[in-house]
Structure formats: C-alpha cells, structure tokens
Amino acid sequence: MSERNHRSAERDAALEHLYDMLFQAWPLMRRRLLPSSAQQAEFGMPLSHVQVLVMLDHRGSLSITEISNSFGIAKPNITPLVDRLIEEGLVMRERNSADRRVVNVVICEKGRERLADIYRDLCDNLFDWTRTLSQEDMTAFNAALETIVRLLRKQPDE
C-alpha cells in the first residue's frame, strides 16, 4: 500500500471512529444534559425557544436570518418561534441602527429573567449528575466541551 493510500485509510478509520463517537455521545448528552420533555413543559416552552433566548443573551441583537443560519433551519420556521417569544414578552424586534431595513431580535429583561430561572433548574439537574463525577472527570468534561465548541465555531458554515 502506498504512503498516500495508507494515510487515506487512516483518515477514513479516524472519521469512522469520530462518527461512531458522535452517534454514541449525542443521545447520552441529550439524556444527561438537556431538559426532558417534562422539564420543558415546566419551563412553558420547548428547548428550541430556550436556545434562541440563550443565543440572544450571549450574542445580543440578531436578525431572523442570523438565527435561522445558526440553527440551520429555514427562516419561515424561525419566524413563528420568534413571534411566540415576542407574544410572551421575552424578546422584541428592533430596527438595526446601521441599516434601517434590517430588523433584529433582542432579548428583553423578562426573557433574561425567564432564562435565569431555566438555568437554575438545568443547573440543579446537572448538579445531580455531576455529583457522581470526580473533580478530575469534571475538569476533563468541561475542557472537552470547550474544545468541541471551539472547533465547531472555527469551521465556516456552508
């Protein structure tokens, strides 16, 4: 086998292992780290709404297009989600000061308060799970998540 073919076979095996790990990790992360349907009902909103609030809280003002692109969901599917958050007084639309044709979505104080309540509930659940981890495992897990986020942010969206 040539050196090039050997490297290609190694890369293919590494990619196969990467996908295997992703397919194993995703359901485990959802079950351990994300709110269950019952918890989402307690929040009074689905996880997608919480994710939009988190994104707006971290990034500030975003257009519907930017929210849509971040989730990889078509704009017509994001608009009703944002409309519901507006109806609940959690976010509002405002004109972009640099380009008045662009309308951005921003989180309101009520949205920040709701998000803080949700975070407290999520942290309580996460605390229950993390109590079983050693400090070393907790540090490694946090570092792994930071690395995943850093690497995924590094790659340009298509």
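The preceding data block contains the structure.
Residues numbered from 1 in each chain as written. Predicted model: local features only at pLDDT ≥ 70, side-chain atom pairs only at ≥ 80, totals over all residues. Heavy atoms only, no water.

## A word on helix 4 (residues 64-71)
Every α-helical turn comprises 3.6 residues, leaving residues that sit three or four positions apart pointing alike.
Reasoning step 1: The set of residues buried in helix 4 consists of Ile64, Ile67 and Ser68. The arc that holds the buried residues of helix 4, viewed along the axis, is 100°, so those residues lie on one side.
Reasoning step 2: In this fold, the buried residues of helix 4 make contact with helix 3 (47-59), strand 1 (62-63), helix 5 (75-87) and strand 3 (103-107). (Buried < 20%, exposed > 50% of the residue type's maximum accessible area, 1.4 Å probe, protein only. Helix = DSSP H or I, 4+ residues; strand = E, 2+ residues; numbered from the N terminus. Arc of directions from axis to C-beta. Contact = heavy atoms within 4.5 Å.)

## Considerations on a nonpolar patch on the surface
Reasoning step 1: Taken together, the side chains of Leu15, Leu18, Tyr19, Leu22 and Phe23 define a hydrophobic patch exposed on the protein surface, amounting to about 530 Å² of accessible area.
Reasoning step 2: You can see Leu15 is positioned in helix 1 (residues 3-33). (Patch = residues over 30% accessible without salt bridge, like charges linked within 9 Å, V, L, I, M, F, W, Y side chains within 5 Å. Areas by Shrake-Rupley, 256 points an atom, 1.4 Å probe, with all protein chains shown as cover. Salt bridge = Lys/Arg side-chain N within 4 Å of Asp/Glu carboxyl O.)

## Describing the packing of helix 3 against helix 4
Reasoning step 1: Relative to each other, helix 3 and helix 4 sit at 120°, their axes nearing to 11 Å. At the point where helix 3 passes helix 4, the crossing takes the right-handed sense. Mapping the contact onto sequence places Ser48, Gln51, Val52, Met55, Leu56 and Arg59 in helix 3 and Ile67, Ser70 and Phe71 in helix 4. (Axes fitted to C-alpha atoms, helices over the stretch in contact; angles between N-to-C directions. Left-handed = near helix turned anticlockwise from the far one by under 90°.)

## Here we look at the sheet that holds strand 1
Reasoning step 1: With antiparallel pairing, three strands are arranged side by side in an open sheet as 1-3-2. Only two strands of the sheet have a single neighbouring strand rather than two, namely strand 1 and strand 2 (91-95).
Reasoning step 2: Examined bridge by bridge, strand 2 and strand 3 share five bridges and lie antiparallel to one another. From the neighbouring strand, Met92 faces strand 3, where its bridge partner is Val106.
Reasoning step 3: Sheet strands in contact with helix 3 are strand 1, strand 2 and strand 3, and its direction is about 95° off that of strand 3. (Pairing = 2+ DSSP bridges.)

## Let's talk about a negative patch on the surface
Reasoning step 1: On the surface, Glu42, Asp121, Asp124 and Asp128 cluster together to form a negatively charged patch.
Reasoning step 2: Examining the composition of the negative patch, we find that three residues originate from one element, helix 6 (residues 109-130), more than from any other.
Reasoning step 3: You can see Asp128 is positioned in helix 6. (Lys, Arg positive; Asp, Glu negative; His and termini not counted. Charge placed at Lys NZ, Arg CZ, Asp CG, Glu CD.)

## Re the side chain of Ser63
Reasoning step 1: Within the fold, Ser63 resides in strand 1.
Reasoning step 2: Excluding residues that lie within four positions of it along the chain, Ser63 makes contacts with Val102, Val103 and Asn104.

## Re the pattern of salt bridges
Between side chains of opposite charge, a pair can form as their charged atoms come close.
Reasoning step 1: All chains considered together, the criterion is met by five salt bridges.
Reasoning step 2: Of the charged contacts in the structure, one is a salt bridge between Arg112 and Asp57, with a shortest N-O distance of 3.2 Å. Of this pair, Arg112 sits in helix 6 while Asp57 sits in helix 3; the two residues are 55 residues apart in sequence, bridging distant segments of the chain.
Reasoning step 3: For Arg84, the salt bridge goes to Glu88, with nearest N and O atoms at 3.3 Å.
Reasoning step 4: Through salt bridges with shared partners, one network takes in Arg84, Glu88 and Arg114.

Any link to function would need more than the numbers given here.
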